[in-house]
2 protein chains.
Amino acid sequence: MVIKKNERKTEIKEKMRDGEGSVRITHFVDTENENHTRMLAEITLNKGCSIGYHQHVNETEYFFISSGAGIVNDNGKEVEVSAGDSVVTGNASWHSIKNTGDEPLVLTAVIITYDE
Amino acid sequence: MVIKKNERKTEIKEKMRDGEGSVRITHFVDTENENHTRMLAEITLNKGCSIGYHQHVNETEYFFISSGAGIVNDNGKEVEVSAGDSVVTGNASWHSIKNTGDEPLVLTAVIITYDE
């Protein structure tokens, strides 16, 4: 199946996971009928925006950062991230991410679920 | 866990799946100990290069195309693809991809396995 760029669905979430500002999520694929995934998307955080600190239980989320710069709280440890870096959060660990640069922070987000 | 850009491993595969030329695979994450995945990588196909036609049984592969242009054989149907398009190949379906443009064709590849 090929999903063309103009068929992708985009949503804006305000104060996602109690973060600051808004987050744009462009879904590459609607995962409703896909195996072992609940998100395959591009996420854009504009300057100053963030996704708040939250836990991933029974699933792993991967961030692949494609542009911009920010700070990740990686299960209690703050780490600077930029294009080319990856973040892995699973097995009940926690994370947050905040754009601390001047340019949009853009990443691919993949959530793999363990049970279905 | 944060994996920095310079910690990623890159491999070059020649004639991948009986395709033409070579394919560069930069692994965002080593998936050996990750749940339900066997690839999380950026794949680059230079001009004229391809990954040959092959089947995905008991797993789904997703391509998220970030730059360039090419042709996908999507389980028997040829479709032109370019940046922003996604390809979903699972449940024993087949695909190939060939760079038909002048620029490198770059995509994120995610393989989700059903059984482990």
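What counts and what doesn't
- Each chain carries its own residue numbering, running from 1 in the written order of its sequence.
- A letter from A marks each chain and a number from 1 marks each ligand, given out in the order of writing.
- Only residues with pLDDT of 70 or above have their local features reported here, since the model is predicted, and side-chain atom pairs are shown and tallied only from 80 upward, although totals for entire chains, interfaces and linings are computed over all residues.
- Values reported for side chains reflect all heavy atoms of the structure, with hydrogen atoms and water molecules removed beforehand.
- Helix and strand assignments come from DSSP, with helices taken as H or I runs of at least 4 residues and strands as E runs of at least 2, each series counted from the N terminus.
- Polar contacts, as counted here, are pairs of nitrogen or oxygen atoms within 3.5 Å of one another; within protein the pair requires one atom able to donate a hydrogen and one able to accept it, and residues that are adjacent in sequence qualify only if both atoms are side-chain atoms.
- Contacts are assigned to residue pairs with any non-hydrogen atoms lying within 4.5 Å of each other.
- Buried, partly exposed and exposed residues are distinguished by accessible area as a fraction of the type maximum, computed with a 1.4 Å probe on protein chains only: under 20%, between the cut-offs, and over 50%, respectively.
- Strands are labelled as partners when DSSP assigns at least two bridges between them.
- Ring pairs are drawn from Phe, Tyr and Trp, using the six-membered ring of Trp, whenever the two centres fall within 6.5 Å, and their geometry is named by plane angle: stacked under 30 degrees, edge-to-face over 60, tilted for the rest.
- Buried area adds together the accessible area that both of two parts lose upon being put together, with accessible area traced by a 1.4 Å probe.
- Just to be clear on terms, a salt bridge is a Lys or Arg side-chain nitrogen sitting within 4 Å of an Asp or Glu carboxyl oxygen.
- Asp, Glu, Lys and Arg are counted as charged, while Ala, Val, Leu, Ile, Met, Phe, Trp, Tyr, Cys and Pro are counted as nonpolar; the rest, among them Gly, fall into the polar class.
- Alignment of copies: least-squares fit on C-alpha atoms of residues with pLDDT of at least 70 in both copies.

A. Local environment of the side chain of Thr37 of chain B. Mapping Thr37 of chain B onto the fold places it in strand S4 (residues 37–45). Looking at Thr37 of chain B, its side chain comes within polar contact range of the main-chain oxygen of Ile111 of chain B, at 2.8 Å. Discounting chain neighbours no more than four positions away, the residues touching Thr37 of chain B are Tyr62 and Ile112 of chain A together with Thr31, Ile111, Ile112, Thr113 and Glu116 of chain B.

B. Main features of the pairing of strand S9 (residues 86–89) of chain A. All names here are of chain A. The alternating pattern of S9 places Ser86 and Val88 and Val87 and Thr89 on opposite faces, both of which are buried. In this structure, strand S6 (residues 59–67) lies alongside S9, joined through four bridges in antiparallel fashion. Its bridge partner lying in S9, Tyr62 is registered against Val88.

C. Summary view of the packing of aromatic side chains. Summed over the entire model, instances satisfying the criterion amount to six aromatic pairs over all chains. Measuring from ring centre to ring centre gives 4.2 Å for Phe64 of chain A and Phe28 of chain B, while their planes differ by 15 degrees; the resulting arrangement is stacked. With Phe64 of chain A in strand S6 and Phe28 of chain B in the loop between strand S3 (22–27) and S4, this pair bridges two chains. On the basis of relative accessibility, which here comes to 6%, the residue Phe28 of chain B falls in the buried class. Centre to centre, the rings of Tyr53 of chain B and Trp94 of chain B are 5.3 Å apart; their planes meet at 25 degrees, and the pair counts as stacked. Here Tyr53 of chain B is found in strand S5 (residues 50–56), whereas its partner Trp94 of chain B is found in strand S10 (residues 93–99), with 41 residues between them in sequence. Here a set of aromatic residues connected by ring pairs shows up, and it is made of Phe28 of chain A together with Tyr62 and Phe64 of chain B.

D. Quick look at the side chain of Ser96 of chain A. Residues and elements named next belong to chain A. By the secondary structure assignment, Ser96 is in strand S10 (residues 94–99). Here Ser96 falls in the buried class, since its relative accessible area comes to 15%. Residues contacting Ser96, with those up to four places away along its chain left out, are Ile51, Gly52, Tyr53, Ile71, Val72 and Asn73.

E. Layout of the sheet that holds strand S11 (residues 105–113) of chain B. Read across the open sheet, the seven strands follow the order S1(A)-S9(B)-S6(B)-S11(B)-S4(B)-S3(B)-S2(B); overall the sheet is antiparallel. The outermost strands of the open sheet, each flanked by one partner alone, are strand S1 (2–3) of chain A together with strand S2 (9–14) of chain B.

F. Examining unusual backbone geometry more closely. Backbone geometry at Asp18 of chain A places phi at a positive 65 degrees, although glycine is not the residue there. Mapping Asp18 of chain A onto the fold places it in the loop between strand S2 (9–14) and strand S3 (22–27). Backbone geometry places Lys15 of chain B, a non-glycine residue, at a positive phi of 50 degrees. Checked against the element boundaries, Lys15 of chain B lands in the loop between S2 and S3.

G. Highlighting the interface of chain A and chain B. Of the residues lining the interface, 32 residues belong to chain A; the matching set on chain B comes to 32 residues. Both sides together, the interface formed by chain A and chain B hides about 2700 Å², and carbon and sulfur atoms give 58% of it. It is Met1, Val2 and Phe64 of chain A in chain A that bury the most area against chain B; as a group they hold 19% of the surface buried on that side. The tally of links between chain A and chain B comes to two salt bridges. Across the pair Lys4 of chain B and Asp85 of chain A runs a salt bridge whose closest N-O atoms are separated by 2.6 Å. If you look at where chain A meets chain B, you find 18 residue pairs in polar contact (both at pLDDT 80 or more). Elements with a contribution of two residues or more to the side of chain A that touches chain B: S1, strand S4 (37–45), S6, strand S8 (77–82), S9 and strand S11 (105–113) of chain A. For the side of chain A that touches chain B, the leading source of residues is S11 of chain A, giving four residues. Partitioned by chemical class, the residues of the side of chain A that touches chain B number 16 nonpolar, nine polar and seven charged. Relative to strand S9 (residues 86–89) of chain B, S1 of chain A runs antiparallel, the two sharing two bridges.

H. Just the relation of the copies chain A and chain B, in detail. The transformation that overlays chain A on chain B combines an axial shift of 0.0 Å with a rotation of 180 degrees, and the residual RMSD is 0.0 Å. When the rotation and shift are considered jointly, the pair of chain copies conforms to a two-fold rotation axis.

So far we have only geometry, and geometry alone does not tell us how the molecule works.
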